[in-house]
Amino acid sequence: MAATPLAPTARAVRTVAFVEGVRTPFGKAGDKGIYANTRADDLVVKVIRELLRRHPELPPERVDDVAIAATTQTGDQGLTIGRTAALLAGLPRSVPGYAIDRMCAGAMTAVTTVAGGIGFGAYDVAIAGGVEHMGRHPMGEGVDPNPRIVADKLVDPSALVMGQTAENLHDRFPAITKLRADEYAAQSQERFAEAVKTGRIGPELVPVATRSELGWGLATEDEPPRPGTTVETLAALKTPFRPHGRVTAGNAAGLNDGATGALLADEETARELGLPVGMRMVGYSFAGVDPEVMGVGPVPATEKLLKRSGLSIEDIGLFEINEAFAVQVLAFLDHFGIEQTDPRVNAWGGAIACGHPLASSGVRLMTQLSRQFAEHPEVRYGLTTMCIGLGMGGTVLWENPAYDGGDK
């Protein structure tokens, strides 16, 4: 007689805690960049080891999984990089790992994926992050897009070139002029420089040993920032994606190398182990948009998330918006009626200044938001959001554990 299957046990969804995030300094892609002779997987190893070093209260065998994203999963970014990096970092062989790809939102998706496992009870503790070595592996290296995507007019050919999608976004929203984009870019550089000067940017960075023809060195700060950038200098830059266009190297993120990593846990487990709780995840959403204007993706992703959570945009006290292009941030702000100089938005600058190593950037946003929460106990909710290549957007809603019942 066959055994009667047991009825599934009802589970309450557990609270997901963002313990801490770290990252390598971001470098410029190319032969002259700081990581020209550094492997991508070694960058991931650095962030995993740093998370463990900062939290000796966490027994390494308590890590249940390692999710690492890369957009171009080949070479030293391939071979199930979450597993190989975990082994290289010295985690026990019993700790599994895997790789993720959602283009620019790779690390964001790594976090939301392990968060689902934590909430369901499959994990207690996990590491999530991302890496992109755009110097070794330019976006699109080795890919073979199905010709029907363009031939069947599923997308316009411009959808496959991110800079052209940004120009398309300017077309769709003519009120977002090149001047406004340049003003926003200069603001990002200024805010980032101020955050570095005051020590707000820096504590999350992991020093990385580097090698060049001059010998060994140590990367301790981001390479891309251009302090002192002005609207006047930006106005003179070329528009490579369209003659007399509006998108330049100055009002867009560059091509960069770098890695990020975050430690996440069930909140009760975090308290049990003595791990700090930097943020609580409230929810997340991903949404698709026309690939030709992929930069507008954060708008429907955020609307979807706010509707599900029962909140409004007015309830959000801090925003970390990835700055792939200035026009993409401005489209989000205009849609929600937020001024582009609002101090709640990218208060410490963003990717236009520090860089955007594609799949790693989502955790950079989260790390900065977590650190800002600690400074702002009057803020209850914050958002991390980003546009995603091929026409998507992703948004994660976070709650401040230090909230003191203040304004937001």
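Residues numbered from 1 in each chain as written. Predicted model: local features only at pLDDT ≥ 70, side-chain atom pairs only at ≥ 80, totals over all residues. Heavy atoms only, no water.

## Focus: the packing of helix α6 (residues 178-197) against helix α10 (residues 326-336)
- Two elements in contact, α6 and α10, have axes separated by 9 Å at closest approach and are oriented at 100°. Judged by the angle between their axes, α6 and α10 are roughly perpendicular. Contacts between α6 and α10 involve R180, A181 and Y184 from the former and A326, V329, L330 and D334 from the latter.
- Classifying every residue of the contact of α6 with α10 gives 5 nonpolar, no polar and 2 charged. (Axes fitted to C-alpha atoms, helices over the stretch in contact; angles between N-to-C directions. Helix = DSSP H or I, 4+ residues; strand = E, 2+ residues; numbered from the N terminus. Parallel < 35°, antiparallel > 145°, perpendicular 65-115°, else oblique. Contact = heavy atoms within 4.5 Å. Nonpolar A, V, L, I, M, F, W, Y, C, P; charged D, E, K, R; others polar.)

## Focus on the UniProt feature "active site" (unreviewed entry) in the protein
- Taking the UniProt record as the reference, the feature "active site" (unreviewed entry) is found at C104, H356 and C387. Taking the farthest pair of C-alpha atoms as the criterion, the annotated set spanning 284 residues converges on one region, since that pair is 12.0 Å apart. Those annotated residues lining the largest pocket are, specifically, C104 and H356.
- Of note, H356 is situated in the loop between α11 (351-354) and α12 (361-375).
- The residues contacting H356, other than those within four sequence positions of it, are C104, M134, A253, G254, N256, N322, A324, A351, S361 and M386.
- One can find C387 in strand β11 (residues 381-388).
- On the basis of relative accessibility, which here comes to 1%, the residue C387 falls in the buried class. (UniProt positions renumbered as here; feature names shortened; annotations may be inferred. 1 Å grid on protein atoms, 1.4 Å probe; cavity = no way out; pocket = protein on both sides within 12 Å on 5 of 7 lines; lining within 4 Å. Buried < 20%, exposed > 50% of the residue type's maximum accessible area, 1.4 Å probe, protein only.)

## Re the packing of aromatic side chains
- Across all of its chains, the model carries 4 aromatic pairs by this definition.
- Pairing F319 with F332 gives two aromatic rings, centres 6.3 Å apart and planes at 70°, and the pair type is edge-to-face. Residue F319 is located in strand β10 (residues 316-321), and its partner F332 is located in helix α10; the two are separated by 13 residues in the primary sequence. Comparing F319 with F332, the two get one shared label, buried.
- Where F332 meets F336, the ring centres are 4.8 Å apart and the plane angle is 55°; that geometry is what we call tilted. Of the two residues, F332 and F336 are both situated in helix α10; the distance of 4 residues between them amounts to about one turn of the helix. Each member of the pair, F332 as well as F336, is classed as buried.
- Through a chain of ring-to-ring contacts, the aromatic side chains of F319, F332 and F336 assemble into a single cluster. (Phe/Tyr/Trp six-rings, centres within 6.5 Å; stacked < 30°, edge-to-face > 60°.)

## Considering the nonpolar core
- Within the largest apolar cluster, 39 residues are counted, with the highest numbers of intra-cluster contacts made by F319 and F325.
- Broken down by secondary-structure element, the contributors of at least two residues to this core are α5 (162-172), α6, α9 (298-309), β10, α10 and β11.
- It is α10 that contributes the most residues to this core, 8 residues altogether.
- Once residues lying within four places of it in the same chain are set aside, the contact partners of F319 are I313, F332, I338, R344, V345, N346 and L383.
- Counting residues in each nonpolar core, the second largest holds 37 residues, with F18, I118, A359 and I388 among its members. (Core = buried A, V, L, I, M, F, W, Y, C linked by side-chain atoms within 4.5 Å.)

## Quick notes on the environment of A175
- Structurally, A175 is set in the loop between α5 and α6.
- Relative accessible area serves as the criterion here: at 56%, A175 is assigned to the exposed category.
- Here the alpha-carbon distance between A175 and A331, two residues 156 residues apart in the chain, equals 9.5 Å.

## So, the pattern of salt bridges
- Taken as a whole, this structure holds 24 salt bridges when the rule is applied.
- The partner of R54 in a salt bridge is E20, with the nearest N and O atoms 2.8 Å apart. Of the two residues, R54 is situated in helix α1 (residues 40-54) and E20 in strand β1 (residues 16-23); the sequence distance between them amounts to 34 residues.
- Across the salt bridge formed by R246 and D171, the nearest N and O atoms sit 2.7 Å from each other. A residue pair is termed long-range when its members are at least 10 positions apart, and R246 in the loop between α7 (231-235) and β8 (256-266) and D171 in helix α5 qualify at 75 residues.
- By sharing partners, the salt bridges in this structure join R14, R62, D124, D266 and E272 into a single network. (Salt bridge = Lys/Arg side-chain N within 4 Å of Asp/Glu carboxyl O.)

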